[in-house]
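What the coordinates show
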Amino acid sequence: MELLKPIQQYIEKLDVSSISEERKALLQPLIDYLNSKKEKDSAILLNFICTHNSRRSHFAQIWAQAMAAYYSLPNIECFSGGTETTSLFPMVATTLEATGFKISKEPKEENPLYKISFSETASPILGFSKTYDAASNPKTGFAAIMTCSQADAGCPFVAGSDKRISITYEDPKVSDGTPKQKETYLDRSQQIATELKYVFSKIDN
């Protein structure tokens, strides 16, 4: 699957050597999970979970799906959800668009639907806020990846998951309404993209 050229170029420039050893240790359980599934030729389902499914979990879902395409890894489907429903924060879409994703938005006031494309040939990712156990998300045989400390603490058991992994990120929401908002969202997106590039680069061929 061919990625959109701006995304391909963006991923190529991501520097995985910038990741600390502490973060690498945090990422290792996900690498181990992916390799164990791949060894068994099993479908790989990843559900990234944050409290509101509005920022970090969407960044992680979208970058993970793009990385699977970048490394030509089949049978990987990425999802996201929250412990409650709000809406995808518009700055997330703006940030991804600045990176090269093609995005269209359905005209809906509450919890709008974003179609997020990383390839001319793949179906777009549908970005909207939902609970982790929503109808569009897997019910069994998936890894629950906790991307925020609040959901991590408040959701110790994720029904149906065969692995629960904690990889938390600072909420870019702290910058909302400040002059640093754009920079903060770009930085958080880049951090998540860089760490997922490292993870997917470690999957055995």
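If you're wondering where the values come from, they're calculated on a predicted model, not measured in any experiment. (Residues numbered from 1 in each chain as written. Predicted model: local features only at pLDDT ≥ 70, side-chain atom pairs only at ≥ 80, totals over all residues. Heavy atoms only, no water.)

**A short note on the environment of Val199**
Structurally, Val199 is set in helix 6 (residues 181-201). The exposure class assigned to Val199 is buried, which follows from its relative accessible area of 0%. Not counting residues up to four positions away in its chain, the partners in contact with Val199 are Leu27, Leu30, Ile31 and Leu34. (Helix = DSSP H or I, 4+ residues; strand = E, 2+ residues; numbered from the N terminus. Buried < 20%, exposed > 50% of the residue type's maximum accessible area, 1.4 Å probe, protein only. Contact = heavy atoms within 4.5 Å.)

**With respect to the sheet that holds strand 2 (residues 76-82)**
With parallel pairing, four strands are arranged side by side in an open sheet as 2-1-6-7. On the outer flanks of this sheet lie strand 2 and strand 7 (161-166), each paired with one strand and no other. Ignoring which end each strand starts from, the neighbouring axes of this sheet average 25° apart. The pairing of strand 6 (residues 142-146) with strand 7 spans five bridges and is classified as parallel. (Pairing = 2+ DSSP bridges. Axes fitted to C-alpha atoms, helices over the stretch in contact; angles between N-to-C directions.)

**Examining the side chain of Asn111**
The residue Asn111 is located in the loop between strand 3 (102-105) and strand 4 (114-117) in this model. Using a relative accessible area of 16% as the deciding quantity, one classes Asn111 as buried. Engagement of the side chain of Asn111 in a polar contact is seen with the backbone oxygen of Ser129, the distance being 2.8 Å. Excluding its chain neighbours within four sequence positions, the residues that come into contact with Asn111 are Thr85, Thr86, Ser87, Leu88, Phe128 and Ser129. (Polar contact = N/O pair within 3.5 Å; in protein donor to acceptor, adjacent residues only side chain to side chain.)

**Things to note about the side chain of Glu195**
The residue Glu195 is located in helix 6 in this model. A relative accessible area of 3% places Glu195 in the buried class. In terms of polar contacts, Glu195 uses its side chain to reach the side chain of Tyr169, at 2.7 Å. Setting aside its immediate chain neighbours within four residues, Glu195 contacts Ile19, Arg23, Leu27, Ile167 and Tyr169.

**Things to note about the nonpolar core**
Among the nonpolar cores identified, the biggest contains 51 residues, and Leu30, Leu46, Trp63, Phe101, Phe118 and Phe200 are the most heavily contacted of them. For this core, the leading source of residues is helix 3 (residues 56-70), giving nine residues. Ranked by size, the runner-up nonpolar core spans 12 residues in total, among them Ile49, Met146, Ala151 and Cys155. (Core = buried A, V, L, I, M, F, W, Y, C linked by side-chain atoms within 4.5 Å.)

**Some remarks on the packing of aromatic side chains**
Summed over the entire model, instances satisfying the criterion amount to four aromatic pairs. The interplanar angle of 80° and the centroid separation of 5.1 Å between the aromatic rings of Trp63 and Phe101 together place this pair among those described as edge-to-face. Pair noted here: Trp63 is in helix 3 and Phe101 is in the loop between helix 4 (90-99) and strand 3, with a separation of 38 residues, a long-range link. Of the residues examined, Phe101 reaches a relative accessible area of 2% and is grouped as buried. Relative to Tyr71, the ring of Tyr70 lies with its centre 4.9 Å away and its plane at 90°, an arrangement referred to as edge-to-face. Aromatic rings pair up to connect Tyr10, Trp63 and Phe101 into one cluster. Lying over the aromatic face of Tyr169, Arg23 brings its terminal NZ or CZ to 4.9 Å of the ring centre. For the cation-ring pair, Lys130 lies above Phe128, with the distance from its terminal atom to the ring centre recorded as 4.6 Å. (Phe/Tyr/Trp six-rings, centres within 6.5 Å; stacked < 30°, edge-to-face > 60°. Lys NZ or Arg CZ within 6 Å of the ring centre and 35° of its normal.)

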